[in-house]
Amino acid sequence: MSLDTVKPAPGYLEHLPVEYQDLVKHGQYGKKKKVSDMGKFKELIEEHPMCAGCAMTLFIRLVFLALPKPEHTIFVGTAGCGRLAISQGNVPFIYGNYGDTNAVASGLKRGLELRFPEQKKDVIVMCGDGGLVDIGFQGLMHSWFRHEKFSTFMLDNEIYGNTGGQESGMTAQGLVAKMSPRGKVDEKMDMLGLAKVAKLDYIARIVPTNPARVVRTARRAILIAREFGSTYVQAYTSCNIEYSIPTPDVMQDAFDKEKKEYGFEEHFSDRAKAYIDDLEKKDKAAAKAAKK
Amino acid sequence: MSPETAEAKQNSTSKHANVPGKPEGWVPAGDLQEVISLEEMQKLPKETIFMTGSEAARESIRRANVDMAIAYPITPQSETMQQAGYLFDEGYIKDYYRAEEEIGTMSAISGASRAGVRSLTATSGPGLMRGMEALASWPGARVPIVMLNMCRVINTPLAIQPDNAEISFLLNTGMLVLHAENQQDFFDWPLVAFMVSEEVDVTLPCTVSVDGFFVTHARGNVAMCDKKYKIPPRDGWRNAVPSMDNENPPARISRDAPIQKSNFISYHMHASWQQEVFSAVQRSAKYFDKYLGGLIEVVNPGADEMIIASGAAVSQAREAVRQEEEKGNKVGLIKVKTIRPFPTAQVIAAAKHAKVILVPEFNQTGWLHKEVCTTLYGHTQAVIYNGPRVYGGMTMPTELILDWLKDIREKDKSRNHF
């Protein structure tokens, strides 16, 4: 199948809802969009029921913008806030059982490779910290150690936001939350460390303070997973409700968090580094040629 | 043939250039097999081989054109799924791996099936219970997975012995449930399960359950066609709902509204989705009828004393019927092949005349007895006896069934089955 799937048969377009017409005429299919293009094209995700000021939504929007091939991408998620936005995107979304994301994605990706050997399809797991490190931990670890060829994006709000603010494995030590009435006993789980132990081809930690960097990071994670094996992006996406961050201060919180304990980190395997360097060099040359 | 079907067929032939550990130019054995319909396969000349149920399942899988097999080892299933590994190595299965445990297994195989490829898994008692959350979600996801279930004790104390109580947990999931009697069924029925579950008006998972050890680890005669044949591949374009392959226009395929909202429309949508799943279970009956030669088998129709059974209990009942025949007594037997869809009309027609009905089972709960009582309520004057049953790993001696028949005839009230 091709990009033409998006386009309706001649004569039909004008009869489709205006949102669909916009997707076809002004969408990102087949075009590489930049952050500076936002507001000037029809995004894959627009409406969503997320809370006002939610940093998670910003991150999700940016990842959708970064999709190298949205017409050949499938998202996999689980219960949590993130899926409320992801499921509104114009990309198929599997909303599975609790904590099953990385197992479902393993089967899905392998199945798609069998069925479409000539067409790379990107499978992306995107879900919360609880979904991945608590209930989904086993599936996550095994998909990493099997080096399954899909990317995992953790929306790390450091709490169970959707169920009303219970501590998760990613909550900081000492924090008083629901289900940690005396403060969380244990340390925040070191998922970057585990990702390194599993020898993932690409690992990143990010706070969405620099939108262009989010897009670049997401794209790297998706392209490296497509080519080599598992990749992991851990993004701090605060829960302004549960952490009582006033809406106008959400971005300030992100900057503070980044500075204090969530600085940008990126780790490549040698093969992934060589691949991305080459790819980005070619992209730059192409962009330069296009300008001339 | 539509272009989509042609593409599906083409894609079903895997491209195995440079497979690790295989010499250059290696051709997967599955690529050398000839595709024929299951109806044609059933009519082919057969060779009879004395083999275990696990081996019979392996030979079935060899001919089933499976794309993807995922499983986690558990006794008594392991015998079969490790042999599926050898089939993968030979190239009869296109992809295969040992998963982390059963939630991982049942989730991953649902991912594979969502991709539109033919998907197989297998498990036993405790593994089935562990994967239950995932597999109970398969029917609603409309994934035509075939799951072999080699029954085993699920109760504490932990045991690896045969007991089919776990089937009762599958009855209300929306899955298709078959209960195979012997090694021959365990060869024939997985092929049927794939064909039926992938019918577009069915698109449901199907489990082929069999009593562990009694069938999986014991030998019996199995008649099968040459291994050069296989059934047609799954056509990932033909489903009740689209595969999750992003090969459709980018409609919001899985948006949450309004299913997850708390309002009347969302309740209505969820209710109608469930109704459709259970309607699809009923629609599968016509296909099972075709491939299995009826949803039930009746021995000695019209007898006053009828035995209704499924699985290995059928074999024990057959022997009881034979021994009664030697004594000059005509005892009837109804073998229930499909537990879901339950052959309600067929069982009523075959049993309504009876005066005495026995339901021998390999479990404590008596799930088949409950099914039979519900089915025949108001349709028969027969006394439906609550047994005989064995469980926890016990075998069912034919004498147990014969004793029950004798006690019933003699109205021996000293026995506790009245």
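Residues numbered from 1 in each chain as written. Chains lettered and ligands numbered in written order. Predicted model: local features only at pLDDT ≥ 70, side-chain atom pairs only at ≥ 80, totals over all residues.

Some remarks on the overall build of chain B
Looking only at helices and strands, chain B has 15 helices and 16 strands in total. The C-alpha radius of gyration computed for chain B amounts to 22 Å, which stays within 12% of the reference 22 Å derived for 418 residues, consistent with globular compactness. Each principal axis of the C-alpha atoms in chain B carries an extent, and together these give about 70 × 60 × 45 Å. Within chain B, the proportion of its 418 residues that are buried is 50%. A fraction of 81% describes how many contacts in chain B between residues 6 or more apart in sequence connect residues 24 or more apart. (Helix = DSSP H or I, 4+ residues; strand = E, 2+ residues; numbered from the N terminus. Rg over C-alpha atoms; globule rule 2.2 N^0.38 Å. Buried ≥ 20, exposed ≤ 12 C-beta atoms within 10 Å, placed from the backbone. Contact = placed C-beta atoms within 7 Å.)

What about the sheet that holds strand β5 (residues 202–206) of chain A?
All names here are of chain A. Strand order in the open sheet formed by seven strands is β2-β1-β3-β4-β6-β5-β7, with mixed pairing between adjacent strands. Edge strands, defined here as strands with exactly one partner in the open sheet, are β2 (93–95) and β7 (265–268). Along the sheet, successive strands turn relative to each other by an average axial angle of 15°, direction set aside. When strand β4 (residues 151–156) meets strand β6 (residues 231–236), the two strands line up parallel, connected through six bridges. If you follow S151 over to β6, its bridge partner there is T231. (Pairing = 2+ DSSP bridges. Axes fitted to C-alpha atoms, helices over the stretch in contact; angles between N-to-C directions.)

Describing the nonpolar core
With 176 residues, the main nonpolar core has F59 and L108 of chain A together with A69, I307 and I308 of chain B as its most contacted residues. Ranked by residue count, the leading element in this core is helix α2 (residues 55–66) of chain A, at 10 residues. There are two domains that each give this core at least three residues, and those are domain 1 (31–230) and domain 2 (296–410) of chain B. (Core = buried A, V, L, I, M, F, W, Y, C linked by C-beta atoms within 7 Å. Domains from an automatic or database assignment.)

Considerations on α2 of chain A
Residues and elements named next belong to chain A. Between the first and last C-alpha of α2 there are 17 Å, a value that for 12 residues agrees with the 16 Å anticipated at 1.5 Å per step. Most of α2 sits inside the fold, with 12 of its 12 residues counted as buried. Along α2, the residues that are buried comprise A55, M56, T57, L58, F59, I60, R61, L62, V63, F64, L65 and A66. On the buried face of α2, the contacting elements are α3 (82–86), β4, α8 (211–227), β6 and α9 (250–260). (Expected span 1.5 Å × (residues − 1).)

Observations concerning unusual backbone geometry
Put simply, T75 of chain B and P76 of chain B share a cis peptide bond, and its omega is 5°. Along the chain, P76 of chain B turns up in the loop between β3 (68–71) and α4 (78–90). Put simply, G387 of chain B and P388 of chain B share a cis peptide bond, and its omega is 0°. With respect to the secondary-structure elements, P388 of chain B resides in the loop between β16 (383–385) and α15 (398–410). Its identity as a non-glycine residue notwithstanding, S244 of chain A has a phi of 50°, on the positive side. In this fold, S244 of chain A is placed in the loop between β6 and α9. Assessed through the 7 C-beta atoms surrounding it within 10 Å, S244 of chain A is described here as exposed.

Section: the interface of chain A and chain B
Listed as interface residues are 38 residues of chain A and, on the opposing side, 38 residues of chain B. Where the side of chain A that touches chain B is concerned, the elements lending two or more residues are β1 (73–77), α3, β2, α4 (101–115) and α6 (137–145) of chain A. The greatest single-element share of the side of chain A that touches chain B, amounting to 11 residues, is contributed by α4 of chain A. Split by residue class, the side of chain A that touches chain B holds 18 nonpolar, 14 polar and six charged. (Nonpolar A, V, L, I, M, F, W, Y, C, P; charged D, E, K, R; others polar.)

Observations regarding the domain arrangement of chain B
Residues and elements named next belong to chain B. Entries for chain B in the domain assignment read domain 1 (31–230) and domain 2 (296–410). With centres defined by C-alpha atoms, the gap from domain 1 to domain 2 works out at 26 Å. Among the elements of the structure, β7 (176–180) and β8 (206–211) are those that each provide at least two residues to the side of domain 1 that touches domain 2. When residues in the side of domain 1 that touches domain 2 are grouped by element, the largest group, five residues, is from β7.

Here's the deal with the pairing of β1 of chain A
Residues and elements named next belong to chain A. A large share of β1 lies buried, amounting to five of its five residues. Side chains T73, F75 and G77 project from β1 onto one buried face, and the interleaved I74 and V76 project onto a second face that is buried too. Two elements, β1 and strand β3 (residues 122–128), share four bridges in a ladder whose sense is parallel. Looking across to β3, one finds that T73 is bridged to D122. Both β1 and β2 contribute to a ladder of three bridges, which runs parallel. Note that in β2 the partner of F75 across the bridge is F93.

Here's the deal with the sheet that holds β16 of chain B
Residue and element names in this part refer to chain B. Taking strand neighbours across the sheet as the criterion, the five strands line up as β11-β13-β12-β15-β16 in an open arrangement whose pairing is mixed. Of all the strands in the sheet, the pair left with one neighbour each is β11 (296–299) and β16. Mean inter-strand twist for the sheet, computed between neighbouring axes without regard to direction, equals 20°. The sheet contact formed by strand β12 (residues 305–309) and strand β13 (residues 331–336) spans five bridges and is parallel. Bridge pairing links I307 to L333 in β13.

Focus: the environment of Y96 of chain B
All names here are of chain B. Tracing the sequence through the fold places Y96 in strand β4 (residues 95–98). When the C-alpha atoms of Y96 and L171 are compared, they prove to be 28 Å apart, with 75 residues separating the residues in sequence. Apart from the residues lying within four places of it in its own chain, the contact partners of Y96 are A69, A84, G85 and F88.

Description of the environment of V314 of chain B
Residues and elements named next belong to chain B. Within the element layout of this structure, V314 appears in helix α12 (residues 312–326). Exposure remark for V314: the 25 C-beta atoms within 10 Å place this residue in the buried category. Spatially, the C-alpha atoms of V314 and V359 are 9.8 Å apart, while their sequence positions differ by 45 residues. Beyond its immediate chain neighbours, meaning those up to four positions away, V314 contacts E181, A309 and K335.

Re the packing of helix α3 (residues 53–62) of chain B against helix α9 (residues 183–197) of chain B
Residues and elements named next belong to chain B. The interhelical angle for the contact between α3 and α9, taken along N-to-C directions, is 25°, at an axis separation of 8 Å. One way to sum up the angle between α3 and α9 is to call them roughly parallel. By crossing handedness, the relation of α3 to α9 is classed as right-handed. Residue-level inspection shows G53, A56, A57, E59, S60 and I61 of α3 in contact with α9, the latter providing Q183, F186, F187, P190 and L191. (Parallel < 35°, antiparallel > 145°, perpendicular 65-115°, else oblique. Left-handed = near helix turned anticlockwise from the far one by under 90°.)

Here's the deal with the confidence of the model for chain B
Residues and elements named next belong to chain B. For chain B, the mean per-residue pLDDT works out to 92, and 92% of the residues sit at or above 70. Note on residues 1–13: pLDDT is under 50 here. Beyond four places in sequence and across chains, it has 12 contacts. The ipTM assigned to the predicted complex is 0.95, against a pTM of 0.94. (pLDDT = per-residue confidence, 0-100.)

Here we look at α3 of chain B
Every α-helix winds through 3.6 residues per turn, so residues three or four apart in the chain are directed the same way. Most of α3 of chain B is tucked away: 10 of the 10 residues are buried. Three or more residues of α3 of chain B are buried, namely G53, S54, E55, A56, A57, R58, E59, S60, I61 and R62 of chain B.

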